[in-house]
Amino acid sequence: MTAPAIASGQAWCTFQLAGGDYGVELARVQEVLRAQPVTRLPHAPAAIAGLMNLRGRIVPVVDTRRVLGIDGARAGDVARRSGLVIVRSADGPVALLVDAIGDVRRAEDAAPSLPAAESPLVARTLALPGQLLVVLDLDRVLERAFAAPEVTPPSVTPTTTVTSPTRADGSRS
Amino acid sequence: MDDSILDDFLVDSHEGLDRLDRDLLALERDPAATEPVASAFRSLHTIKGTCSFLGLRRLERVAHAGESLLAALRSGRLHWSREIADALLATADTVRAILAAIESRPVPRTGGALEPEGDDDAVLARLAACGAEVRGTAKDTPRSPASPAATENPTALQNQHLRIDVRRLDAVMDLVGELVLARNQLLRTLAGSARASHASGLGAAAQRLDHVTTRLQDEIMRTRMQPVSAAWARLPRLVRDVASACGKRVRLETRGDGTEFDRALVEALKDPLTHLVRNAVDHGIEDAGARARAGKPAEGVLRLTAFEEGGSVRLELADDGAGMSVERIREQAVARGLVNAERARRLSDEDCLAFVFLPGFSTASRVTNISGRGVGLDAARAGIEAVGGSIGVRSVAGRGTTFHIRLPLTLAILPALTVEQSGEIYAIPQAHVLELVRCGEGHARIERAHDRAVFRLRDELLPVVELGRWLGADAEAERPPRHLLVLAADGRRYGLAVERVRDTEDIVVKPIAHRLREGGTFAGATVLGDGRVALILDAHALAMRAGLAAAVNELTAHADEVAPTAPAAARVPLLLVRARRGVRAAVRLQEIDRVVEFESTAFERLDEHPAVRLDGEVLAVAPFAGDPSLASPGAFGEPRTWPVLVHREHGRRVGLVVDAVVDIVDWDGGEAVPPTGQADDDPRGPHRIVIDDHVTDLVTLAAEAA
């Protein structure tokens with residue numbers, strides 16, 4: 001199985017996740033930013049880190065590590081990651097939270113691509129000089145991020161707490 | 001041809017068709033009236049004229065036939081009949097359908113045939129049967145010179161109006177929203193360095209910016225306002241069609257058509273209203289036989305009323321039909337396992353009626369093709385709650401059913417209370433907040449009854465949602481709540497325990513990505529003064545999702561056992577104050593945003609009117625109950641503090657100075673009499689009520705500030 005041919009002039013915005021190099025099509029990237037405060041969105045899918053303010057617009061932030069199932073994606077880690085890649089989606093801009101932003105790589109640099117990976121989230125893997133670049137299928141990544149099961153809300157009915165009777169004779173307890 | 005010409009034509013034609021519907025229905029009521037005939041003629045004539053200019057032959061042909069029938073009516077050659085009415089309404093429908101097909105063509109619409117292929121012979125035949133003149137065939141439509149009537153032109157008023165693309169207006173609104181945020185940010189920064197801002201003169205400039213921003217916000221909001229009648233323009237027609245399909249006679253009466261609110265809300269209201277009206281005609285109002293047996297006039301009445309009340313718009317839809325049987329709803333609720341029989345018996349009638357808003361709940365005995373498939377009321381409620389509104393129902397068996405809808409005046413900017421919980425900030429619309437209570441250390445505590453958290457508030461057991469727990473904060477990180485907000489949603493009250501209350505601010509509501517919104521408990525998000533995102537809590541969804549809906553019923557029942565007093569629902573919390581002249585007065589607590597104390601020195605004079613600064617805004621203050629002594633220049637000479645009641649009038653904050661706040665009491669809603677000399681029918685004037693054996697003036701604030 002071979003990936004579709006690469007059009008000349010095609011370019012990728014690259015970034016790091018847990019030491020590996022990843023990229024998305026440059027044409028889909030609106031801008032890249034340094035880390036911004038992210039507001040947690042309770043009861044959202046697990047791979048949604050929260051919401052951020054992009055010049056007055058509320059943009060969802062995707063925890064890219066978590067979508068890809070990369071080890072070490074713990075909730076507390078969010079603050080340590082330093083880059084945001086703002087990509088365009090059908091539902092408006094979405095921010096991808098990444099460890100660090102890399103360079104833009106162009107098709108001229110590309111060596112032949114490796115056989116397609118088994119993960120449906122990966123469009124192709126490129127062997128660039130000095131770097132193996134995993135190009136993500138952005139739409140599938142976003143699909144997975146928003147579809148992931150919600151973090152189960154804690155029960156609002158803890159039963160272990162001592163009941164305080166509302167009448168002196170305790171008839172309610 | 002320019003697309004914008006076509007767009008204008010489409011908008012104008014839809015308005016013309018709505019007007020046509022209205023005129024035809026007016027004629028049905030009074031066939032002798034001449035003005036509706038002339039107006040209907042003009043509407044169709046205008047459409048025909050433009051179609052001819054745009055080369056829309058199919059539309060032109062249909063419009064012409066309808067117009068010729070109206071011309072015959074106008075000249076008295078023909079007389080009004082049911083057949084003519086039906087044929088003309090069918091004409092309007094055909095024109096609408098063709099317009100819709102044109103509208104759905106991809107932009108740019110120019111090039112090629114605009115009108116879809118189709119044949120209008122059926123409607124043309126009906127028109128011809130009534131005596132209309134039908135020209136040529138669809139393929140061969142001769143152009144006719146404009147008839148002299150074309151000169152009956154629109155009024156000169158149009159010159160003062162400008163048609164603005166809604167998207168442009170929305171863009172301006174967005175920018176004003178940004179400006180408000182920037183203003184908040186600036187004021188916050190300056191507040192942190194008072195001396196620097198004073199020395200540099202920045203403070204004064206910021207004040208001016210603040211003032212202008214507030215005015216701009218106000219004005220732009222007004223341009224977005226639309227009369228509520230825009231949401232119900234199609235309803236008379238709907239009532240007629242549904243009624244004749246069910247073989248009933250129903251009259252729709254509307255009041256308060258001029259009540260204005262945000263156009264986004266007017267849009268959001270259309271579908272829910274359609275559902276409710278359809279339901280009322282199909283199920284609410286009985287057929288003629290049943291009405292005769294019940295001694296009611298054969299024609300049913302559907303009354304739609306809109307009015308503004310304390311920063312929100314209220315709508316009431318009342319029918320004089322059979323009403324809903326609370327007993328049947330109770331049985332159904334038990335049969336569906338929503339409550340057990342034991343609890344169902346204890347539920348108040350009002351609580352039982354609320355079941356009709358649940359998905360799939362229907363008491364309609366037969367399923368018609370119009371409504372009654374168990375969808376409708378839940379969809380109507382979802383639509384209204386999605387824009388921050390609420391809906392309730394009251395029904396008296398045999399007398400009719402009334403739906404109450406409450407909507408905010410605007411969606412775009414709303415006053416909110418910001419609270420802090422587990423390191424994040426949340427905003428909650430002020431409209432839902434009834435009261436703020438301290439709890440925890442040294443104050444009343446949140447207790448647990450059964451497995452629920454409750455709070456005792458003046459003999460009432462209030463179910464409580466603990467925000468931290470509900471948001472899923474780490475147990476260790478969680479700090480004990482120190483404030484409790486008393487919230488109102490769906491006509492019920494509950495408490496929201498939060499770590500800390502921060503401030504009130506005007507927030508700009510921003511949408512959250514669509515995919516994250518479904519089933520969510522957040523009404524949206526906003527950007528705070530420091531640029532961070534804060535989520536807006538949805539009081540209804542919070543209550544629902546935290547499983548409170550059932551709990552509230554249960555607790556209300558228990559509260560009745562504990563304290564056998566009047567049911568809480570009938571009580572109105574009042575703020576008792578001493579007006580300056582020593583008179584006791586009361587205002588409904590829900591009409592007040594908050595109470596703030598000011599030193600005498602804080603009062604400034606702007607154009608002779610006293611004002612104070614609050615949250616970086618200038619707040620005009622007026623003496624409560626019109627005490628003239630406060631209007632005099634020396635009124636605030638004496639050093640002391642003055643409580644100021646802050647409330648909203650047309651979306652703008654107004655302060656009312658009182659001598660002292662005495663207490664908060666629950667009023668049982670008992671007898672209120674207007675003082676002698678006042679007209680009985682002025683519901684907003686002060687009324688005398690008895691509180692703790694004292695005669696007290698109950699003042700309605702809307703009138704107070706007017």
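Computed from a predicted model, the values in this text were never measured in an experiment.

Each value, and the rule that gives it
- What you see as residue numbers is a count from 1 along each chain, following the sequence as written.
- Chain labels run from A onward and ligand labels from 1 onward, assigned in the order the entries are written.
- Residues qualify for local features only when their pLDDT is at least 70, as the model is predicted, and side-chain atom pairs are given and counted only at 80 or more; totals for whole chains, interfaces and linings, by contrast, use all residues.
- For the purposes of this entry, the term helix denotes a DSSP run of H or I that reaches at least four residues, the term strand denotes a run of E that reaches at least two, and both are numbered from the N terminus.
- Burial is judged by counting other C-beta atoms within 10 Å of a residue's own C-beta: 20 or more means buried, 12 or fewer means exposed, and anything between counts as partly exposed, with every C-beta placed from the backbone.
- For two strands to be treated as a pair, DSSP must find at least two bridges joining them.
- Simply put, an axis is a line fit to the C-alpha atoms, just over the touching stretch for a helix, and the angle between two N-to-C directions goes from 0 to 180 degrees.
- Per residue, pLDDT measures the predictor's confidence, with a range of 0 to 100.
- The contact rule is simple: place each C-beta atom from the backbone, and if two of them lie within 7 Å, those residues are in contact.
- To be clear, the arc concerns the directions from the helix axis to the C-beta atoms.
- For this classification, under 35 degrees means roughly parallel, over 145 means roughly antiparallel, 65 to 115 means roughly perpendicular, and everything else is oblique.
- A clockwise turn of the near helix away from the far one marks a right-handed crossing, whereas an anticlockwise turn of less than a right angle marks a left-handed crossing.

Focus on the overall build of chain A
Argument step 1. The helix and strand tally for chain A stands at two helices and 11 strands.
Argument step 2. Reading the helices (α) and strands (β) of chain A from amino to carboxyl end gives β-β-β-β-β-α-β-β-β-β-β-β-α.
Argument step 3. Within chain A, the proportion of its 173 residues that are buried is 35%.

So, unusual backbone geometry
Residues and elements named next belong to chain A.
Argument step 1. In the Ramachandran plot, A18 falls in the positive-phi region, its phi being about 50° despite a non-glycine side chain.
Argument step 2. By secondary structure assignment, the location of A18 is in the loop between β1 (11–17) and β2 (20–25).
Argument step 3. Using a count of 12 C-beta atoms within 10 Å as the deciding quantity, one classes A18 as exposed.

Brief notes about the sheet that holds strand β4 (residues 48–54) of chain A
All names here are of chain A.
Argument step 1. Read across the open sheet, the five strands follow the order β3-β6-β7-β5-β4; overall the sheet is mixed. For this open sheet the edge positions go to β3 (29–34) and β4, each flanked by a neighbour on one side alone. On average, each strand axis in the sheet is tilted by 30° relative to the strand beside it, whichever way the strands run.
Argument step 2. Bridge analysis of β3 against strand β6 (residues 83–89) gives five bridges, and the strand direction is antiparallel. Each bridged residue has a counterpart across the sheet, and for V32 the counterpart in β6 is V85.

Quick look at the environment of T34 of chain B
Argument step 1. Locating T34 of chain B in the fold gives a position in the loop between α1 (3–29) and α2 (35–54).
Argument step 2. A sequence separation of 39 residues divides T34 of chain B from L73 of chain B, and the C-alpha atoms of the two residues are 9.2 Å apart.

What to know about the confidence of the model for chain B
Residue and element names in this part refer to chain B.
Argument step 1. In the predicted model, chain B carries a mean pLDDT of 76, and the fraction of residues at 70 or more is 78%.
Argument step 2. Scored below 50 in pLDDT, residues 549–570 makes 32 contacts in the model with residues more than four places away or belonging to other chains.
Argument step 3. Low pLDDT (under 50) marks residues 677–683, which in the prediction has two contacts with non-local residues, meaning those over four places away or in another chain.
Argument step 4. For this predicted complex, the interface confidence score (ipTM) comes to 0.75, while the overall pTM stands at 0.49.

Considerations on helix α5 (residues 121–130) of chain B
Residues and elements named next belong to chain B.
Argument step 1. Turning to α5, its buried residues number three or more, namely V123, L124 and L127. Around the axis of α5, the buried residues are gathered within 100° of arc, so they sit on the same side. Exposed residues on α5 whose side chains face more than 90 degrees from its buried face are D121, A122 and A129.
Argument step 2. Where α5 is buried, its residues contact α3 (57–75) and α4 (82–103).

Describing helix α2 (residues 138–147) of chain A
Argument step 1. Every buried residue belonging to α2 of chain A is among L138, V141, L142, A145 and F146 of chain A, and all of these are buried. Along the axis of α2 of chain A, the buried residues cluster in a sector spanning 120°; they form a single face.

Thoughts on the environment of L645 of chain B
Residue and element names in this part refer to chain B.
Argument step 1. Among the structural elements, L645 can be located in strand β25 (residues 641–649).
Argument step 2. C-alpha of L645 to C-alpha of I592: the two residues are 53 residues apart in sequence and 6.6 Å apart in space.
Argument step 3. Leaving out residues up to four positions away in the same chain, L645 has contacts with V587, I592, V595, F624, G655, L656 and V658.

Considerations on the packing of α4 of chain B against α5 of chain B
Residue and element names in this part refer to chain B.
Argument step 1. Running from N to C, α4 and α5 cross one another at 150°; their axes reach a closest spacing of 9 Å. Here α4 is positioned roughly antiparallel relative to α5, judged by the angle of their axes. Two packed elements cross with a definite hand, and for α4 against α5 that hand is left-handed. Contacts from E83, I84, A87, A90, T91 and T94 of α4 reach α5 at V123, R126, L127 and C130.

As for the sheet that holds strand β20 (residues 584–588) of chain B
Residue and element names in this part refer to chain B.
Argument step 1. With mixed pairing, five strands are arranged side by side in an open sheet as β27-β19-β20-β29-β28. Edge strands, defined here as strands with exactly one partner in the open sheet, are β27 (660–667) and β28 (687–691). In this sheet, adjacent strand axes meet at a mean angle of 35° when their direction is disregarded.
Argument step 2. Summarising the sheet, β20 and strand β29 (residues 694–699) pair through three bridges and their orientation is parallel. Among the inter-strand pairings, V587 is bridged to a residue of β29, identified as V699.

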